[in-house]
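Observations on the model geometry
Chain by chain, the residues run as shown.
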Amino acid sequence: METALQGIEHAYERSGKGLVLTVSYSPAYFDRFDEDLPESVALPAPKALAPFEDPELDTPDAVVHLASNTAQVVLGAEESLKGNKSTLNGVEQPDTALTDVFEIVDRRTGFVGDGLPAENAGDAEGVPADKVPEDAPLFMGFKSGFKKNQASEDRVTIQSGPFAGGTTQHISKLQLNLNQWYNQDDRWQREAKMFCPYHAENDVIEGTGDNLGTSSKIDDCKPVDETAREMGVVGHSQKSAAARENDTPIILRRDFNSTDGGQAGLHFLALQRGIGDFEKTRKAMNGTDVSKQSAVGQRNNNGILQYIRTERRGNYLVPPRSLRALPPAQPATNAQEVTDASS
Ligand code: HEM
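Residues numbered from 1 in each chain as written. Predicted model: local features only at pLDDT ≥ 70, side-chain atom pairs only at ≥ 80, totals over all residues. Heavy atoms only, no water.

1. Regarding the side chain of Lys239
This is how the line gets drawn: Each helix corresponds to a stretch of at least 4 residues labelled H or I by DSSP, and each strand to a stretch of at least 2 residues labelled E; elements are numbered beginning at the N terminus. Categorising residues by exposure relies on relative accessible area from a 1.4 Å probe, with only protein chains included: less than 20% of the type maximum marks a residue as buried, more than 50% marks it as exposed, and the intermediate range marks it as partly exposed. For this count, His and the chain ends are skipped, Lys and Arg are scored as positive, and Asp and Glu as negative. For this analysis, a salt bridge means a side-chain nitrogen from Lys or Arg found within 4 Å of a carboxyl oxygen belonging to Asp or Glu. For the purposes of these results, a polar contact is taken to be a pair of N or O atoms within 3.5 Å, where, inside protein, one atom must be able to donate a hydrogen and its partner to accept one; residues adjacent in sequence count only when each atom of the pair is a side-chain atom. Note on contacts: a residue pair is in contact if any heavy atoms of the two residues lie within 4.5 Å.
Tracing the sequence through the fold places Lys239 in helix 10 (residues 236-240). For the buried Lys239, which has no salt bridge, the nearest side chain bearing the opposite charge is Glu53, at an N-O separation of 12 Å. A distance of 2.7 Å separates the side chain of Lys239 from the side chain of Asn302, its partner in a polar contact. When near neighbours in sequence (up to four residues on either side) are disregarded, Lys239 contacts Val224, Val234, Ala284, Met285, Asn286, Gly287, Asn302, Gly303 and Leu305.

Below you can see the structure in the form of structure tokens.
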């Protein structure tokens, strides 16, 4: 497995221009071992995370995530991992394939970046093609993943034990229904529901939100319960920010849109030190308390909940590089401890 992975790594530089990849393993994989995972790894099985969802729970052994700024690079790397290429980008490939040890049970594809959603909207149901802004990086029309609204890599890194230097990954598959988002809701509502009503009232966001710079300016929003009481609508970012620690988000989002199965969707991939950090953030996004105490509904006027349906959820451990090929649940040698969160 390590040889197969190195084959594609030798073909491209490790960057967006080339290829970036992770390999991760599910609780179902680690269940194969007699020993439990060390306590320093928080990797429960996936479960439903809202009272109104009933997702399929994923149990593949492993996930390989390939990403690049160039589509041909991920497609080529995939073929090489399947043993279908003798050379990749002019670099000779090993005789070993990932498919010598794994059977492919699922394949998810997607894109994120200015203009790509509008370009791909015609391939999918659930999104009015002519309404997605030409320059939007995501189907819902706004920029996401502002630098200051993401956890740092240090914050999501496992700090101790044999898997120190690794992280955990949650991957959900969300179906998007954007007909109402674009056809019935107006710009004010979209800004209020995605960010917060304060942003909509004060014209904080221009276009897709590039004018915001490195932060979604969510600190300017009023408290969630006050917004709910006064406006009857609360924003997605405003609610999700309630999960922050030390005024910083605790998950690192790497989500991207998709037209898999001819349906507009979003593969929500998030990295965090333990799966509990994801569950806490998702709970904040549910806004359950506020819906009980105000006119805000369980899903209506409650951020973007009305427009997304969680179809699948999966949890994974991304081991440090030294353990990325078929790790045991209790590796014998300690990987180097991460001593200082800021180092
Ligand atoms: C279709 C699905 C989604 C879309 C289009 C979306 C979009 C956005 C946008 C535009 C922002 C504000 C800009 C930013 O801070 O980067 C944001 C913030 C955020 N979202 Fe989402 N999001 C989606 C789903 C989710 C899910 C499933 C979660 C997981 C719980 C999540 C967690 C967060 C967090 C933690 C923030 C930052 C809050 C903070 O500043 O502390 N989002 N999202």
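The discussion continues.
2. Focus on the pairing of strand 6 (residues 167-176)
Heads up, the rule is: At least two DSSP bridges between two strands are required for those strands to pair.
Counting buried residues along strand 6, eight of its 10 residues qualify, which places the element largely inside the surrounding structure. Of the strand pairs in this sheet, strand 6 and strand 10 (residues 308-318) are connected by 10 bridges, and their pairing is antiparallel. In the sheet register, Thr168 faces strand 10, and the bridge partner there is Leu317. Bridge count for strand 6 against strand 9 (residues 265-272) is eight bridges, and the pairing is antiparallel. Opposite Lys173, over in strand 9, you have His267 as the bridge partner.

3. Quick look at helix 3 (residues 71-81)
Buried within helix 3 we find Val73, Gly76, Ala77, Glu78, Ser80 and Leu81. On its buried face, helix 3 is in contact with helix 1 (2-11), strand 3 (62-67) and strand 4 (87-88). Immediately downstream of helix 3, the backbone of Gly83 shows phi near 80 degrees, a positive value.

4. Let's talk about the environment of Asn315
Secondary-structure assignment places Asn315 in strand 10. C-alpha of Asn315 to C-alpha of Pro27: the two residues are 288 residues apart in sequence and 7.2 Å apart in space. Every residue in contact with Asn315, bar those within four places of it in the chain, is listed here: Tyr25, Ser26, Pro27, Leu43, Pro44, Ala45, Pro46, Gln169, His170 and Ile275. Within polar-contact distance, the side chain of Asn315 engages the backbone oxygen of Pro44 at 3.0 Å.

5. Some points on the packing of aromatic side chains
Heads up, the condition is: In this scheme Phe, Tyr and Trp rings, the latter by its six-membered ring, pair at centre separations within 6.5 Å, and the angle between planes marks the pair as stacked below 30 degrees, edge-to-face above 60, and tilted otherwise.
Under the criterion given, the structure shown has nine aromatic pairs. Note on Phe268 and Phe278: the rings are 6.1 Å apart at their centroids and 50 degrees apart in plane angle, and the pair reads as tilted. You can see Phe268 sitting in strand 9 and its partner Phe278 sitting in helix 11 (residues 275-286), a full 10 residues away along the chain. You'll find Phe268 and Phe278 in the same group, each marked buried. Chaining the aromatic ring pairs together yields one cluster made of Tyr25, Tyr29, Phe30, Phe33 and Phe163.

6. Considering the site of the ligand
How we decide: Put simply, a residue is near a molecule or strand once any heavy atom of it comes within 4 Å of that molecule or strand.
With respect to spatial proximity, 25 residues lie near the ligand, and among them Gly145, Asn149, His236, Arg244 and Arg253 are the closest. For the ligand, an oxygen atom lies 2.6 Å from a polar atom in the side chain of Arg244. Taken together, the elements giving at least two residues each to the shell around the ligand come down to helix 10, strand 9 and helix 11. By residue number, the principal contributor to the shell around the ligand is helix 11, which donates four residues.

Read these as spatial facts, not as claims about activity.
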